[in-house]
Every structure is written in structure tokens, then in C-alpha cells.
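# Commentary on secondary and tertiary structure
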Amino acid sequence: MDRDRFWLEMVRSELEDIVGAHFINTDESNKLIYSTDWSWMPQMWLDRGRLLMGPDFIVHPGSTEEIAQIMEVANKYRIPVIPWGGGSGTQGGALPLFGGILVDMKRMNRILEIDEVSLTVTAEAGINGQQLEWALNERGLTLPHYPASANCATLGGYLAPRGTGTISTKYGKAEDMVLSMEIVLPTGEIIETPPVPRHAAGPHWMGLWLGAEGTFGIITKATMQVDYLPESRRLRAVLFRDLSKGIEAGRQIMTRRLHPFVIRLYDPASTALRVKAILGYEFDGAYMVLGFDGDPDIATLEEEKALALCAKLGGEDLGPEPGWGWWHHRYDFYYPPKNLKLPWMYGTTETISTYDKIERLYWAEKEAVETTYADWNIRFIGHFSHWFHWGAMLYSRFIVENPPQEAEEALRLHNRIWSTAMEAVLANGGMINEHHGVGLKLARYMRRQYGSAWPFLLRLKKAIDPNGIMNPGKVGFGF
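Residue positions are counted from 1 within each chain, in the order its sequence is given. Per-residue local features of the predicted model are confined to residues with pLDDT of at least 70, and side-chain atom pairs are confined, for both listing and counting, to 80 or more; whole-chain, interface and lining totals are unaffected and use all residues. Based on all heavy atoms of the structure, the side-chain values leave hydrogens and waters out of the count.

Before going further, it helps to examine the environment of Leu361. Secondary structure elements are defined from DSSP: runs of H or I of at least 4 residues count as helices, runs of E of at least 2 residues count as strands, and each element is numbered from the N terminus. With respect to the helices and strands, Leu361 occurs in helix α13 (residues 355-372). As for Leu361 and Val425, which are separated by 64 residues in sequence, their C-alpha atoms are 6.2 Å apart. In contact with Leu361, not counting residues within four places along its chain, are Thr351, Ser353, Leu394, Val425, Asn428, Gly429 and Gly430. Contacts between residues were defined by any pair of non-hydrogen atoms, one from each residue, lying within 4.5 Å.

For side chains bearing opposite charge, pairing can occur when the charged atoms are close. When a carboxyl oxygen of Asp or Glu lies within 4 Å of a side-chain nitrogen of Lys or Arg, that pair is called a salt bridge. Enumeration according to the criterion identifies 26 salt bridges in this entry. Between Arg12 and Glu16 there is a salt bridge, and its shortest N-O distance comes to 3.0 Å. With a gap of four residues between them, Arg12 and Glu16 both fall in helix α1 (residues 3-19), about one helical turn apart. For each residue, the accessible area found with a 1.4 Å probe, counting protein chains only, is set against the maximum for its type, and the residue is called buried under 20%, exposed over 50%, and partly exposed in between. Here Arg12 falls in the buried class, since its relative accessible area comes to 18%.

The biggest cluster of nonpolar side chains holds 140 residues, and the ones touching the most others in it are Met181, Tyr287 and Leu290. Among the elements that line this core, the one with the most residues is helix α14 (residues 407-427), at nine residues. To form a nonpolar core, buried Ala, Val, Leu, Ile, Met, Phe, Trp, Tyr and Cys residues must be joined to one another through side-chain atoms within 4.5 Å. Core analysis: the second largest hydrophobic core is formed by five residues, Tyr34, Ile58, Ala94 and Leu102 among them.

Attention shifts here to the UniProt feature "site: Important for enzyme activity" (unreviewed entry) in the chain. UniProt positions are given in the numbering used here, feature names are shortened, and annotations may be inferred rather than shown by experiment. Summarizing the sequence annotation, UniProt attributes the feature "site: Important for enzyme activity" (unreviewed entry) to Arg264 in the numbering used throughout. Examined against the element boundaries, Arg264 turns out to sit in strand β13 (residues 262-266). Excluding its chain neighbours within four sequence positions, the residues that come into contact with Arg264 are Thr166, Tyr287, Met288, Val289, Trp326, Tyr334, His383, Phe384, Ser385 and His386.

What follows deals with the side chain of Thr420. Within the secondary structure, Thr420 is located in helix α14. On the basis of relative accessible area, Thr420 is assigned to the buried category, the value being 16%. Ignoring any residue separated from it by four or fewer positions in sequence, one finds Thr420 in contact with Ala368, Val369, Thr372 and Tyr373.

In this section: the sheet that holds strand β9 (residues 190-192). Paired strands, as defined in this entry, are two strands with at least two bridges between them according to DSSP. Strand order in the open sheet formed by five strands is β5-β6-β10-β8-β9, with antiparallel pairing between adjacent strands. Both edges of this open sheet fall to β5 (111-115) and β9, since each of them pairs with a single strand only. Geometrically, the sheet is characterised by an average inter-axis angle of 10° between neighbouring strands, direction not taken into account. Across three bridges, strand β8 (residues 178-184) lies against β9 in antiparallel orientation. Each residue of the ladder has a partner; that of Glu182, found in β9, is Glu192. All axes here are fitted lines through C-alpha atoms, helices being fitted over the stretch that makes contact, and every angle between N-to-C directions spans 0 to 180 degrees. Each of β8, β9 and β10 (218-225) touches helix α4 (residues 64-77); the most contacted strand, β8, lies at about 45° to it.

Sheet architecture is open: four strands sit in the order β1-β2-β4-β3, paired in mixed fashion. For this open sheet the edge positions go to β1 (24-25) and β3 (81-84), each flanked by a neighbour on one side alone. With two bridges joining them, β1 and strand β2 (residues 57-59) adopt antiparallel strand pairing. Looking at β2, one finds that Ile24 is bridged to Val59. Sheet contacts for α4: β2, β3 and β4 (101-104); angle to β4, the most-contacted strand, approximately 170°.

This brings us to the packing of helix α9 (residues 243-255) against α13. Relative orientation of the contacting elements α9 and α13 amounts to 155°, with a least axis distance of 11 Å. In terms of their interaxial angle, α9 and α13 are classed as roughly antiparallel. In this structure, α9 crosses over α13, and the sense of that crossing is right-handed. For the pair formed by α9 and α13, the contact residues are Leu243, Ser244, Ile247, Gly250, Arg251, Met254 and Thr255 on the first element and Tyr355, Ile358, Glu359, Tyr362 and Trp363 on the second. Roughly parallel means an angle under 35 degrees; roughly antiparallel, over 145; roughly perpendicular, 65 to 115; everything else is oblique. In this scheme the crossing of two helices becomes right-handed for a clockwise turn of the near helix relative to the far one and left-handed for an anticlockwise turn of less than a right angle.

This is the structure we're talking about:
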């Protein structure tokens, strides 16, 4: 008797009672598709002809209540539950490592309310980011979270890993735009966070689900702050011969409370390699893109003041065209045919720190990676793309053009390079990630990242998810 098959069929019948037979898929071809996300590790594994663990069931719920019932089934039999948005993650955060029930959220894609007085939108978490944006644009509004993944990512996927978009320097991260959320807990309970995020009625517990990457439950609905589409938008490019001067210019722009929607500073290596390949500009130095938007007079004035700060630090004003060139092709860096892709080995070891550490961190990571893996002709590139009043984010990447062909050997090398990069990051005051999330890739660094606070986070996980069913193996929580 095939006990596993028998048991799976019994579970399937319970799931069919909840969502209907049409919304459950167990085809091998679909299991293969859902066994990988956008991260290098599983894609390399499949590229080498190796298979990955897929889910036992791919379920497409149509309501919050259905998800709550799915959770009850999963809890009863202690089956893993993996939330799935657009599958655009780069850290292996949605990989069904232990099989189980993969909950694809894309059927829950309705816009529930657009409040043009308070400037908010309430939508189900499975809505595609670009679809949501187009609907808002028809009202003259925008959700100012513009990640490169917007074409495929979902609203829930914006929030679960604490995502950041290309205009975050003015408008903030996705977590800064959320007012409230509806969540299904691992126990099947449905809860709602307070209607507004800023108050003094107790601790800010909504934040528990921002960055939890589905390990604390499933976000099913969110109310987000939106903005009017900007009346004007100005782009400019500046070239710095010295990367340090470019970082200092960005710091001064932010700490003097100018409000650029973007500062993107490419290091000389990235300028020579990626900017040239994608935008066609041949600059020798560190290429910076500056953007200001909103009221035309204010945007113009702020741009003038920013350019003056850059000029004092030796920045050469390249004019508007190289700024607009970046804006129109900003996503080309991440999509075929110009993105980093197999057969190359690559990784994005992005990090963030305060201004007093960020440049030291950049040089330490660059030296560690380039020195340790010189035999592999590794290349280290980076840009500084999300700026705050107190610090900046470093989008550091490594590239190996001729990695090992054997899958296990390639994976081990990939992990060793990441370990070298993370050692440098942690030793120099950085965080192991700024916006891609932890997922599977960074799980092993969480204990060191949080030190004495880590046991508290483990107890929190145990309290919220007592049977450990939610997205096991991710964010360092194990299984």
C-alpha cells in the first residue's frame, strides 16, 4: 500500500472542500515551476539538470477565510505552508524545501477601495504591483514603490521582505507606506492591525509581519499610502572621479534635507561594466543619477542646491540626458537580455549602514571578495541606491564568468563567496540585507546578526507558529 499517496489524497480532499478542485494543482510540470524562484541557487541547480523539491499541493485560494481553513488543515497534520506571490524573490524565500501546501496568492487580486481624501488604497495582497499602479494612475495617483520586480511581484511580496523601490530615497520603503494589514496567523486566526501605524496605543506590533517573509503568517490585505502623480520630474547625472566624493555628496544632500526621489551612485567598476553595457555611456569614474519631483519650482530649486553641493566636491554636471537615460532604462539592468544570468555565477550581497561606516564597509567587502577569489577572476561591483537621513544602502554584487559546472561544487563556491562578503559586512557594522530579504540564502547569518536578541526572536516564532508550519527553513527559523 502506498501510504504517502493515500495520505496525500486524503489531504487533497480536505483542501478541495475549501477552495474547490479547480484551484488545486498537483501536476509535475507545475511543481517544477514552483520549485524555483528568481534566485541563482535553484536556477543553477535546475540548469545542471538536477531537480528541486516541489510542493505537494499548489493551492489558489480566493478569500481570507479560505486561507484560514487551509491553515487549520496544515496545523492539524503539521504540513508546511509556503506563501507565494510573484516568485520574484532572489534569496530563495519562497522555495518549498520540505514540500507541503504552496499558497499562491494571485487569485486575491482585487482593489477594495481607493480613498482620494486620505490618499490610501486598500487591496488584496495577491494583486500584481504593476496592475495596481496602472489602476492608481488612472486616478492621477501612484503607489511610490517602484521595484524592478513590479512587473511580476505582488503587494504582499512588497511587504513580506521589507522591499525597497527605485524612488525610496524620497518616498521610503514599502514598509513606510503601509497603514494597516489583515493577516492569517499560522493557527488560522484572522487578525487586523490598527487602522493607522502612528499612535501611542501600545507597541508597534504590525512590524512583526514586515520582514517575516511568511514565517509568521500570510498577509492577505493591506492599506497603503499613495501619492499624487508628480507634477514634474527632473533627472540629472553627475560624474565623480573619486567615489568618496560621490558618497559625501549624497550624504550632504540627505543630511541637509533636500528631497531627491533618487540618488544612484555607481562605483567606477560598475560604471565601466554595467552602465556602459546597458546605457551605452562610457564614463571614467563614479556615475551618479539625481532625481527631484513634485512642484516644478521646488524640484528645480532642490536640484540646483544638490548640483551646487556636488560641484563643491568636484562633481562634473553631465546634464539631464544621462539622467533620463538611466530613468527610461532603469529596469533593463534586471531583465533579459542585459541582466546578470546563467551561465555566470553572481550574487547581490546588498547591505546598509550609517554614513560613518558605509564607505569603509564597501572597501572591506570589495577587498575581501576580490582577494579571496582572485583565482576565479571574480569581479566586485556596487552602487549606492537607497539613501536615508542617517545612512545609505550598498548594492554590492559579485560575478564569476566561468563557475564550476558540477552543481554541488558551484553551490559550495557560491556559499563561500557569500560567507566572505557577509563576514566583511558584519565586521564593519553593516546589516546582512537591506531589501531583498533573508530567505534561505541568508538564514545562517541571522543568529550572528542579532546576537543576544536571537533567542527572543526564536521564542516569538514559537509563540506565533507553535507547530512550525510557516515557510520552514527561511529567515533562520529552521524547521
